[in-house]
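Given next are the chains, with one letter for each unit.
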Protein chains: 2
Amino acid sequence: MQPTPCRSEILTIGNEIITGLVADTNSGVITRRLETLGISVKRHVSVGDDADEIIDALKQALERVDCVILTGGLGPTHDDITKQVLCRFFNSKLVTDAKVRRRIDLIFQSRGKETPEAAYTQAEVPEKATILHNSKGTAPGLLFEKNGKRVYSLPGVPHEAEHLLETYIVPHLEKPGTLKTEHRILKTTGMPESILWQEIGPVAPFEEHVKVASLPSLLGVRIRFTATGKDLKETSAKLDAAEKLLRRKIDHHIFAVDDETLEGNLGEWLKKNKKTLAIAESCTGGLIGHRLTNISGSSDYFLEGAVTYSNEAKQNRLGVDPALIETHGAVSEPVAKAMAEGIRQKSGSDFGLAVTGIAGPTGGSPEKPVGLTFIAVTGAQGTRCEQFRFHQDRIRNKERAAQAALNLLRLYLLNES
Amino acid sequence: MQPTPCRSEILTIGNEIITGLVADTNSGVITRRLETLGISVKRHVSVGDDADEIIDALKQALERVDCVILTGGLGPTHDDITKQVLCRFFNSKLVTDAKVRRRIDLIFQSRGKETPEAAYTQAEVPEKATILHNSKGTAPGLLFEKNGKRVYSLPGVPHEAEHLLETYIVPHLEKPGTLKTEHRILKTTGMPESILWQEIGPVAPFEEHVKVASLPSLLGVRIRFTATGKDLKETSAKLDAAEKLLRRKIDHHIFAVDDETLEGNLGEWLKKNKKTLAIAESCTGGLIGHRLTNISGSSDYFLEGAVTYSNEAKQNRLGVDPALIETHGAVSEPVAKAMAEGIRQKSGSDFGLAVTGIAGPTGGSPEKPVGLTFIAVTGAQGTRCEQFRFHQDRIRNKERAAQAALNLLRLYLLNES
């Protein structure tokens, strides 16, 4: 018989979360991790730093589920009240924990600093709680158990919350034999959702193996498969079957799987094939270089970027003929090609990639509207250029142009492989 | 006449939200906007695309508050079930709305496309709902009223949700005479929270006017003031008094207020003073250029950027003496200064800004650990260079280095003013 899977909810505490000043990334991370253990997380709740509201939300959550995970409000400042509220809820009181106090001293010592008196409030913990020692920060996590139900309280700092999740919560909640759930995300770009699904066809063959979700976003459509099975071997086999079906239809649109990125996979290819890249950016302003250099080891293949915002920079840095700009305008196919060829030649790289466009909101005209963008890629196979028409605001046009540029390079390299 | 609701909750619907694939930005935006009307938003709830869970959460929310705002799940794909669920909850049925149908046709016509049959499902709306016509997209919003309570349903796409919020919800809910709440955020960077508060001193004088929250993040500490009053004139006066007190203590650390950004305020200064800027980036890889060019009109003052990742690029593009790199290493004060001076000279700009550092995780050594970064700024006043030691992962080191570079430029320009 399968053990009953635990049901869990996440309760996020903090005015900065509820007013949207800080994005809550913890809830999603915890949810995905618990799902791999077969634990369902059906609901997230966020409340401000308000004792009555926290107690009300916690009480209601415990009526629905076996395990509630709280994040936030464990810091040392006056608006952090989670510990006090938990004392009230569980009828406990704060006591100083000597081990936590020593850890706090150690953390400050390792930074070469004296422990400030205020930091010791972090060593005061509810007497009835089990302490979850936190080697990544000064605030320990807490566990309360009552009537067979569990309440975990974690600091809001994401890497501290994740550390305590892995160290304490996962081992506590993992039950052998529970049905496991696993996701896989196939990322596509360059095709609108409706046309992509025309190419994929009916969803029924996929649903023999997995649940399917289609997640459109500014930078492409992600297809998410969800498989359930007795262990990760079974869920992986189902995900593999669904992925194989999908790749038979739209393999060339898929640029990455799960945590992989477009820039990361491009980097892998360049490194493996010992090729180098240089880029010339106008409207994207450095965003393509930023994405490429987010990848550790990118210095192996990324030689340089030129952010040539002015016409003078396009001429002086890339050798673009002023007559080309005069005749066709800076946002044109001939200039995009000349930029890509110019940076390749100046840097001596194997491939050159260039973008020129009108990010907006100003600078558009009837013939050249805001969003018009030319992207060129060049290499031993010659130069290819494509025209795009984005329609969004400045920042989204930059993001779409950078994505389209990296994708055009990917398609160019596919022919090299 | 219906009484205007004064307590509200937000219910976000979507598996992509609950599993953290997509960040929920709507809830924070709606909360801040409703607070300016004196409407309190005490709780956010997120559930997946699960009919029973949605109904349960909606029923519970209506027990607590007068007005529930739902976002998400109004799209045309098979996992969008909000409309069906609301029909079940309010015992209604779907009917085709001719006006919505015409609007859908108009949207596709404006894109030069035929309306796909699937898009018409967006014109099917619950008979009992008031339609909130959406000029920004194909999914209309919905309003249900029952027993003096209101349920709004908005599409999840942020700019569509905001549009319907302003067009319908704000005018519906605005009530003269209600106490208003207003926030103001003063943004600082370059000082750790504990030292910043030593400079600010006790919080009591501020609390005579406003509530105070201190929000540390990777890129600096934000001080948030919250004022309550009978109208925005009163709240503004309280916020002004608190801001004046704060500026008396730490004015030079404050780089922006509310939605202002560091790069936007730098741009304002450069534009006003008719000065130009060029940059040379190594470890930040283009991020500084990306931030500067996020500002509309930046082409007026931003001439160009050089992403000189390799030593060759530093020499060829910026004229950095190879002997300097040989003697001091690429990550050193002399090279940072030479980069800033090189890009200023090559581009003919008034100011030059340069960054060189070890983003990590590889490339560090005992003498030059990961995170070591030199930032130089140059102009008519001469060249200034500062050394920083960041300790984070690659992407966070890049973000901190870009922020520190823009802040160093800000401090340099303060002396020019």
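Predicted model only: the values in this text are computed from it and were never measured.

### Considerations on the sheet that holds strand E16 (residues 372-379) of chain A
Argument step 1. Sheet architecture is open: 10 strands sit in the order E17(A)-E16(A)-E15(A)-E13(A)-E14(A)-E14(B)-E13(B)-E15(B)-E16(B)-E17(B), paired in mixed fashion. Since the sheet does not close on itself, it has two edges, and those belong to strand E17 (382-389) of chain A together with strand E17 (382-389) of chain B, each with one partner. If you compare each strand with its neighbour and ignore which way they point, the axes differ by 10 degrees on average.
Argument step 2. Summarising the sheet, strand E13 (residues 277-281) of chain B and strand E14 (residues 302-308) of chain B pair through five bridges and their orientation is parallel. Across the sheet, residue B:Leu277 finds its bridge partner in E14(B), namely B:Phe302.
Argument step 3. Sitting on the sheet, helix H12 (residues 311-318) of chain A touches strand E13 (277-281) and strand E14 (302-308) of chain A together with E14 of chain B, and the angle it makes with E14(A) is about 150 degrees.

### A short note on the interface of chain B and chain A
Argument step 1. With 60 residues of chain B at the contact, the number on the chain A side is 60 residues.
Argument step 2. The class makeup of the residues in the side of chain B that touches chain A is 23 nonpolar, 27 polar and 10 charged.
Argument step 3. As judged from the five bridges shared by strand E2 (residues 40-47) of chain A and strand E2 (residues 40-47) of chain B, these two strands associate in the antiparallel manner. If you follow A:Ser46 over to E2(B), its bridge partner there is B:His44.

### Quick notes on helix H10 (residues 262-272) of chain B
Residue and element names in this part refer to chain B.
Argument step 1. All of the buried residues in H10 are Leu262, Glu263, Leu266, Gly267 and Leu270. Taken down its axis, H10 places every buried residue within 130 degrees of arc, on the same side.
Argument step 2. Summarising the contacts, the buried residues of H10 are in contact with strand E12 (254-257), E13, helix H11 (287-292) and helix H15 (394-416).

### Digging into the packing of helix H7 (residues 193-200) of chain A against helix H9 (residues 232-250) of chain A
Residues and elements named next belong to chain A.
Argument step 1. Across the interface, H7 lies against H9 with an axial gap of 8 Å and an inter-helix angle of 105 degrees. Regarding the angle of H7 to H9, the classification is roughly perpendicular. Where H7 approaches H9, its residues Leu196, Glu199 and Ile200 are matched on the opposing element by Leu246, Lys249 and Ile250.
Argument step 2. Residue composition of the contact of H7 with H9, grouped by class: four nonpolar, no polar and two charged.

### Some thoughts on the relation of the copies chain B and chain A
Each of the two chain copies goes to the other by way of a rotation about an axis and a shift along it.
Argument step 1. Its rotation angle being 180 degrees, the transformation that places chain B on chain A also includes 0.3 Å of axial translation and leaves an RMSD of 0.3 Å. Both copies are brought into coincidence by an operation consistent with a two-fold rotation axis.
Argument step 2. A share of 98% of the interface residues of chain B reappears at the interface of chain A, consistent with the copies meeting face to face through the same patch.

### Some details on the environment of B:Ile39
Residue and element names in this part refer to chain B.
Argument step 1. Its place among the elements puts Ile39 in the loop between helix H2 (26-36) and E2.
Argument step 2. C-alpha separation for the pair Ile39 and Thr178, spaced 139 residues apart in sequence, amounts to 8.3 Å.
Argument step 3. Non-local contacts of Ile39, meaning those with residues more than four positions away in its chain, are made with Cys6, Ser8, Leu34 and Leu173.

### So, the confidence of the model for chain A
Argument step 1. Within chain A, residue pLDDT values average 92, and 99% of them lie at 70 or more.
Argument step 2. This prediction of the complex comes with two scores: 0.83 for pTM and 0.82 for ipTM.

### Description of the domain arrangement of chain A
Argument step 1. Examined at the domain level, chain A breaks down into domain 1 (7-173), domain 2 (180-257) and domain 3 (262-416).
Argument step 2. A straight line from the C-alpha centre of domain 1 of chain A to that of domain 3 of chain A covers 46 Å.

### Here's the deal with unusual backbone geometry
Argument step 1. In this structure, the amide linkage connecting A:Gly360 to the following residue, A:Pro361, adopts the cis form with an omega of 0 degrees.
Argument step 2. With respect to the secondary-structure elements, A:Pro361 resides in the loop between strand E15 (351-357) and E16.
Argument step 3. A positive phi angle, near 55 degrees, is found at B:Asp258, a position not held by glycine.
Argument step 4. Topologically, B:Asp258 is positioned in the loop between E12 and H10.
Argument step 5. Given 10 C-beta atoms within 10 Å, B:Asp258 falls into the exposed group.
Argument step 6. One non-glycine residue, B:Lys274, lies in positive phi territory at about 50 degrees.
Argument step 7. Mapping B:Lys274 onto the fold places it in the loop between H10 and E13.

### Here's the deal with the nonpolar core
Soluble globular proteins: nonpolar side chains tend toward being buried together.
Argument step 1. By size, the foremost hydrophobic cluster in this structure holds 104 residues, and its most contacted members are A:Met339, A:Ala354, A:Ala405, B:Met339, B:Ala354 and B:Ala405.
Argument step 2. Dropping the residues within four chain positions of it, B:Ala405 is found in contact with B:Ile288, B:Leu353, B:Val355 and B:Ile375.
Argument step 3. The next biggest cluster of nonpolar side chains, apart from the first, holds 75 residues, and it includes A:Val68, B:Ile30, B:Ala129 and B:Tyr152.

### Quick notes on the sheet that holds strand E12 (residues 254-257) of chain A
All names here are of chain A.
Argument step 1. Reading across from one edge, E10-E11-E9-E12 is the order of the four strands in this open sheet, with antiparallel pairing throughout. The two strands at the open ends of the sheet, each matched to only one other strand, are strand E10 (211-217) and E12. Adjacent strand axes in the sheet meet at a mean angle of 25 degrees when their direction is disregarded.
Argument step 2. By the bridge criterion, eight bridges tie strand E9 (residues 180-188) to strand E11 (residues 220-229) in an arrangement that is antiparallel. Among the inter-strand pairings, Lys180 is bridged to a residue of E11, identified as Gly229.
Argument step 3. Sheet contacts for H9: E9, E11 and E12; angle to E9, the most-contacted strand, approximately 20 degrees.

Quick notes on the rules
Residues numbered from 1 in each chain as written. Chains lettered and ligands numbered in written order. Predicted model: local features only at pLDDT ≥ 70, side-chain atom pairs only at ≥ 80, totals over all residues. Pairing = 2+ DSSP bridges. Helix = DSSP H or I, 4+ residues; strand = E, 2+ residues; numbered from the N terminus. Axes fitted to C-alpha atoms, helices over the stretch in contact; angles between N-to-C directions. Contact = placed C-beta atoms within 7 Å. Nonpolar A, V, L, I, M, F, W, Y, C, P; charged D, E, K, R; others polar. Buried ≥ 20, exposed ≤ 12 C-beta atoms within 10 Å, placed from the backbone. Arc of directions from axis to C-beta. Parallel < 35°, antiparallel > 145°, perpendicular 65-115°, else oblique. Least-squares fit on C-alpha atoms with pLDDT ≥ 70 in both. pLDDT = per-residue confidence, 0-100. Domains from an automatic or database assignment. Core = buried A, V, L, I, M, F, W, Y, C linked by C-beta atoms within 7 Å.

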